[in-house]
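These are the residues of each chain, in order.
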Amino acid sequence: MSGIFEYNGGSIVGMKGKNCIAMACDRRFGQQMSTITTNYQKVFKIQDNILLALSGLNTDIHTFYALMEKEINLYNLKENRKMKPTTFANLVASALYERRFGPFFVTPIVAGLENGKPILATYDSIGCKSDLDDFQVGGTGGNYIYGACEAFFKPDMSPEELEEVIGQSLVSGCDRDALSGWGGVVYVLTEQKLTVKILKTKQT
Amino acid sequence: MIDFDPSSFGLAHTYQKEDKDEINTLALPSAPQVIYKTLNGPTQVNGGNKLNNFKHGTTTLGFVFKEGILLAVDSRASMGSFLSSEQVRKVIEINEYLLGTMAGGAADCQYWLAYLANHCRTYELKNGSKLSVAAASKFLQGILIGYRNSGLSMGCMIAGTDTTGQHLYYIDNDGMRLKGDIFSVGSGSTYAYGVLDNHYRYEMSLNEAVELGIRAIYHATHRDTASGGVVRVYHIHQNGWTKVHDGIDVVDLHYQFAQQKGLVGDGDEAKQRLF
């Protein structure tokens, strides 16, 4: 359990559906083997149609989120318009590369809806963007969630189906990871609304 | 007349240094090294500098009370942060009157406790009487001292009954053997001790003791990532041992205990929604 990415633990997952996107994260905030709280927020609403999920070192999750909040607020003030999800996805990549030689220890996932079309992008900690996949994972439980995703995912799911699938994938994945879990939250974003659901999971 | 002596620096300027104030310094012996011994890790000299010791990723506990001895254990096995099993049996049934708990290397515990079982049976056949708990634990200690520094990892409790009553011993791979009334071993032991020390009384009834054991293990599984799965409870009394609970899911316990307090148990008890 050494390594700066394993210090706090935590897992995130993002999925595309039919004109909708979903994000899910666990709720654990720990320090190595000890659990401190079970209500830590890892998915943030940047804009009505953009969600940012972060996993990795919790202090950097908080700082990077605050940095992105600042960027989008300044953009809104300067350009007097909302930011497009694809633009934000690019912004995250350059913000990460700006710290190429002293990086933020986070692996972000950006999800959004641009004119009804779902956008999903993931990055490594220094800003390499990958936006071609239908689902992406991050965090210490990522690999276990991949397995569940591959089994349950199918393209163009409805928001209700997507919520079910992403919730199950997160929970099964986190159940095999000692450093993730202790609750789960699922966010489903459609053109009309954002639904937030708290999952009843193992608290161990 | 004030003698401005550097050794009186910091004293009020009206202080007159007098002869009787001379202090003879003694030559003190050099401080001995502090040997830091915990139940959860290897012997560390001068406190060591390990952040965390993951060797014994588990929670096991045992305590003596008026009805005998209660043992409670979790059932999680982890390889680093990967959970390899949630259904491990950490109480090893050595024979009908001796139990051993497992912490550390599963293979080491299983093998050497089986070896101990063999030894106990041989002794019984040769001598016509059962081996005492003290002797059985001492035998195991002897083996582990022989394998010291060779990398064995064991933090087990030997609990049993013999003609002198019920006894609880803690044995580990460093060759430590301690007789005691309350022990908790493993990475979750600190959490279990908190609960155990709070409510332990020698005069507890069996039901109270079982409740306490379950609760202590549950709290450890909630906070410690290397503990979880199910709680298994054993009771040792003058006629041997009884398996009280074979596996209570700690997830069910969490929501049960939360409900008893009138809460939901989902992490938002302070009603501070962060989103």
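In case you missed it, the structure is sitting above this.
Here's what I pulled together on the structure shown here. (Residues numbered from 1 in each chain as written. Chains lettered and ligands numbered in written order. Predicted model: local features only at pLDDT ≥ 70, side-chain atom pairs only at ≥ 80, totals over all residues. Heavy atoms only, no water.)

We now examine the interface of chain A and chain B. Quoted interface sizes are often the accessible area lost when the parts come together. Contact residues are listed per partner, giving 28 residues for chain A and 34 residues for chain B. Both faces combined, the contact of chain A with chain B buries some 2700 Å², and carbon together with sulfur accounts for 52% of it. Considering only the side of chain A, the residues that lose the most area to chain B are Met33, Gln203 and Thr204 of chain A, jointly responsible for 26% of the buried surface there. Along the contact surface separating chain A from chain B lie two salt bridges. A salt bridge links glutamate 86 of chain B to lysine 202 of chain A; its shortest N-O distance comes to 2.3 Å. Applying the counting rule to chain A against chain B returns 16 residue pairs in polar contact (both at pLDDT 80 or more). (Contact = heavy atoms within 4.5 Å. Buried area = accessible area lost by both parts, 1.4 Å probe. Salt bridge = Lys/Arg side-chain N within 4 Å of Asp/Glu carboxyl O. Polar contact = N/O pair within 3.5 Å; in protein donor to acceptor, adjacent residues only side chain to side chain.)

We now examine the packing of helix H3 (residues 189-199) of chain B against helix H4 (residues 206-223) of chain B. Residues and elements named next belong to chain B. Their axes nearest at 7 Å, the elements H3 and H4 cross at an angle of 150°. Relative to H4, the element H3 lies roughly antiparallel. Crossing angle aside, the handedness with which H3 passes H4 is right-handed. Contact with H3, carried on its side by Tyr191, Ala192, Val195, Leu196 and His199, involves Leu212, Arg215, Ala216, His219, Ala220 and Arg223 of H4 and no other residues of that element. (Axes fitted to C-alpha atoms, helices over the stretch in contact; angles between N-to-C directions. Helix = DSSP H or I, 4+ residues; strand = E, 2+ residues; numbered from the N terminus. Parallel < 35°, antiparallel > 145°, perpendicular 65-115°, else oblique. Left-handed = near helix turned anticlockwise from the far one by under 90°.)

Our focus in this paragraph is the sheet that holds strand S7 (residues 106-114) of chain A. All names here are of chain A. Taken together, five strands build an open sheet; the order of strands is S5-S6-S7-S8-S9 and the sheet is antiparallel. A single partner strand is all that each edge strand has here, and the edge strands are strand S5 (43-47) and strand S9 (129-130). With six bridges connecting them, S7 and strand S8 (residues 117-123) associate as antiparallel partners. Across the sheet, the residue bridging to isoleucine 109 is threonine 122, located in S8. Where helix H1 (residues 58-79) meets the sheet, it contacts S5, strand S6 (50-56) and S7, and its direction lies at approximately 10° from that of S5. (Pairing = 2+ DSSP bridges.)

A separate point is the environment of asparagine 173 of chain B. Residue and element names in this part refer to chain B. Note that asparagine 173 resides in the loop between strand S10 (165-172) and strand S11 (177-179). According to the relative accessible area criterion, asparagine 173 is buried, its value standing at 10%. In sequence terms asparagine 173 and valine 185 are 12 residues apart; their C-alpha atoms lie 13 Å from each other. (Buried < 20%, exposed > 50% of the residue type's maximum accessible area, 1.4 Å probe, protein only.)

Our next topic: the state of the cysteines. All names here are of chain A. Scanning the model with the defined rule gives zero disulfides over all chains in all. The structure places no disulfide on cysteine 128, whose sulfur is separated from the nearest cysteine sulfur, that of cysteine 149, by 20 Å. Looking at cysteine 149, it has no disulfide partner, and the nearest cysteine sulfur is the one in cysteine 174, 11 Å off. Owing to a relative accessible area of 0%, cysteine 149 belongs among the buried residues under this scheme. (Disulfide = S-S within 2.5 Å.)

Take the sheet that holds strand S3 (residues 60-65) of chain B next. Residues and elements named next belong to chain B. As summarised here, the arrangement of the five strands in space is S12-S3-S4-S13-S14, forming an open sheet in which the pairing is antiparallel. With partners counted over all chains shown, the strands left at the sheet margins are strand S12 (182-185) and strand S14 (240-249), one partner each. Ignoring which end each strand starts from, the neighbouring axes of this sheet average 10° apart. Judged from the six bridges that link them, S3 and strand S4 (residues 68-73) form a sheet pairing that is antiparallel. What sits directly across from threonine 60, in S4, is valine 73. Set on the sheet, H4 makes contact with S3, S4, strand S13 (230-237) and S14; between it and S3 the angle comes to about 155°. Set on the sheet, helix H5 (residues 250-260) makes contact with S13 and S14; between it and S14 the angle comes to about 75°.

The full count for this structure, using the stated rule, is 16 aromatic pairs over all chains. Both rings, one in phenylalanine 29 of chain A and one in tyrosine 40 of chain A, keep their centres 5.2 Å apart while their planes meet at 40°; by these two values the pair is tilted. In this pair, phenylalanine 29 of chain A sits in strand S3 (residues 29-31) while tyrosine 40 of chain A sits in the loop between strand S4 (34-37) and S5, placing the two residues 11 residues apart along the sequence. The interplanar angle of 65° and the centroid separation of 5.3 Å between the aromatic rings of phenylalanine 64 of chain A and phenylalanine 104 of chain A together place this pair among those described as edge-to-face. With phenylalanine 64 of chain A in helix H1 and phenylalanine 104 of chain A in the loop between helix H2 (85-97) and S7, this residue pair connects regions lying 40 residues apart in the sequence. Here phenylalanine 104 of chain A falls in the buried class, since its relative accessible area comes to 11%. A network of ring pairs unites the aromatic residues Tyr111, Trp112, Tyr115, Phe139 and Tyr147 of chain B as a single cluster. Its end group placed over the ring of tyrosine 169 of chain B, lysine 179 of chain B keeps NZ or CZ at 5.7 Å from the ring centre. Here the basic side chain of arginine 215 of chain B rests over the ring of phenylalanine 257 of chain B, its NZ or CZ set 3.9 Å away from the ring centre. (Phe/Tyr/Trp six-rings, centres within 6.5 Å; stacked < 30°, edge-to-face > 60°. Lys NZ or Arg CZ within 6 Å of the ring centre and 35° of its normal.)

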